[in-house]
Amino acid sequence: SIDRMLANCRAEAACQQANPNLAADLAAILKRLDQAPAKTTVRPQTGSPVPVTISRGDFLYAIRGMLYNPGAQNEVPPMITHAAATGDLSAFAQRYWARAVSMTRSISYGMHLSVLCPEDVNVLTDSQVKAETGTTRIGSYIVDEYRNACALWPKATVPRVLRTPVTARLPVVLVSGKYDPVTPPEFGDRIAKSLPLARTIVVSASGHGSAAGCPRAAALYVLAEGMFDGMPEVCK
């Protein structure tokens, strides 16, 4: 997702002009955070700013959270440019905190762990984690966080058939956001391999939950009618 964001900025004249050294600025921030976490502040809804520290993983997780949202590919570059120029990472700490508050209010973490731990986290091997995260900017940060949580959560097992690809000769619309950091377009392509009638849609300026955007009418049509004939055009 970050690579796509950087490429988007290079390709857009206004973004490139405003953020001429975006990739280098990002690398400089990461190098600084590799040396030591940065001291910054978070401003709660009431009261004075609260001192916090932000690590490399925290910083990248904040960007990851922003890339869930439509338009983030244009919002994040100036934040990186400003942070590299001033050394101030408070905007990223603020986004990290705000998203954490929002998630706490909107999902059940107990249910979240009850699904994710047995279906994903607990079946990972160290070699798999290393292979999949070793060349990424964020490394094993997210896996490590989940492993710590799952170690404290009740253990459950799921049948192996859960990982068998679903196959069906039915009209299926697979919608992905170009910048989605959690279910990227590659996931849709992988699922489509076992669904011979599937159509994939990649929304060019979107992140997570893209079916609620411009493909909404097409997705609802296929759900209601069970066919592609007559499906509305999809803006991308």
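Not measured: the values here are computed from a predicted model.

Peer 1: I keep staring at the state of the cysteines and nothing clicks. Help me out?
Peer 2: When the sulfur atoms of two cysteines share a covalent bond, that bond is a disulfide. The full count for this structure, using the stated rule, is 2 disulfides. Disulfide pairing places Cys9 opposite Cys15 at an S-S distance of 2.0 Å. Where Cys9 bonds to Cys15 through sulfur, the torsion about that S-S bond is close to -95°, and the disulfide is left-handed. Assessed through its relative accessible area of 1%, Cys9 is described here as buried. Bonded cysteines in the protein chain are paired 1-2, 3-4 when counted in the order they occur along the chain.

Peer 1: Whenever I open this one, the packing of helix 4 (residues 56-66) against helix 6 (residues 90-106) confuses me. Can you help?
Peer 2: In a packed pair of helices, the relevant descriptors are the angle between the two axes and the axis-to-axis distance. Relative orientation of the contacting elements helix 4 and helix 6 amounts to 65°, with a least axis distance of 9 Å. Handedness of the crossing formed by helix 4 with helix 6: left-handed. Contact residues: helix 4 offers Asp58, Phe59, Tyr61, Ala62, Ile63, Gly65 and Met66, while helix 6 offers Phe92, Arg95, Tyr96 and Arg99. Looking at side-chain class alone, the contact of helix 4 with helix 6 contains 7 nonpolar, 1 polar and 3 charged residues.

Peer 1: Any chance you could explain the pattern of salt bridges here in plain terms?
Peer 2: Opposite charge on two side chains makes pairing possible when the charged atoms of those side chains draw close. The tally for this structure, following the rule as stated, stands at 5 salt bridges. A salt bridge links Glu186 to Arg4, with the nearest nitrogen and oxygen atoms 2.4 Å apart. With Glu186 in helix 10 (residues 185-192) and Arg4 in helix 1 (residues 2-11), this pair connects stretches of sequence that are 182 residues apart. In this structure Glu186 comes out as partly exposed when scored by relative accessible area, which is 37%. Judged by relative accessible area, Arg4 falls into the partly exposed class, the value being 26%.

Thresholds, definitions, all that
- Residues numbered from 1 in each chain as written.
- Predicted model: local features only at pLDDT ≥ 70, side-chain atom pairs only at ≥ 80, totals over all residues.
- Heavy atoms only, no water.
- Disulfide = S-S within 2.5 Å.
- Buried < 20%, exposed > 50% of the residue type's maximum accessible area, 1.4 Å probe, protein only.
- Axes fitted to C-alpha atoms, helices over the stretch in contact; angles between N-to-C directions.
- Helix = DSSP H or I, 4+ residues; strand = E, 2+ residues; numbered from the N terminus.
- Left-handed = near helix turned anticlockwise from the far one by under 90°.
- Contact = heavy atoms within 4.5 Å.
- Nonpolar A, V, L, I, M, F, W, Y, C, P; charged D, E, K, R; others polar.
- Salt bridge = Lys/Arg side-chain N within 4 Å of Asp/Glu carboxyl O.

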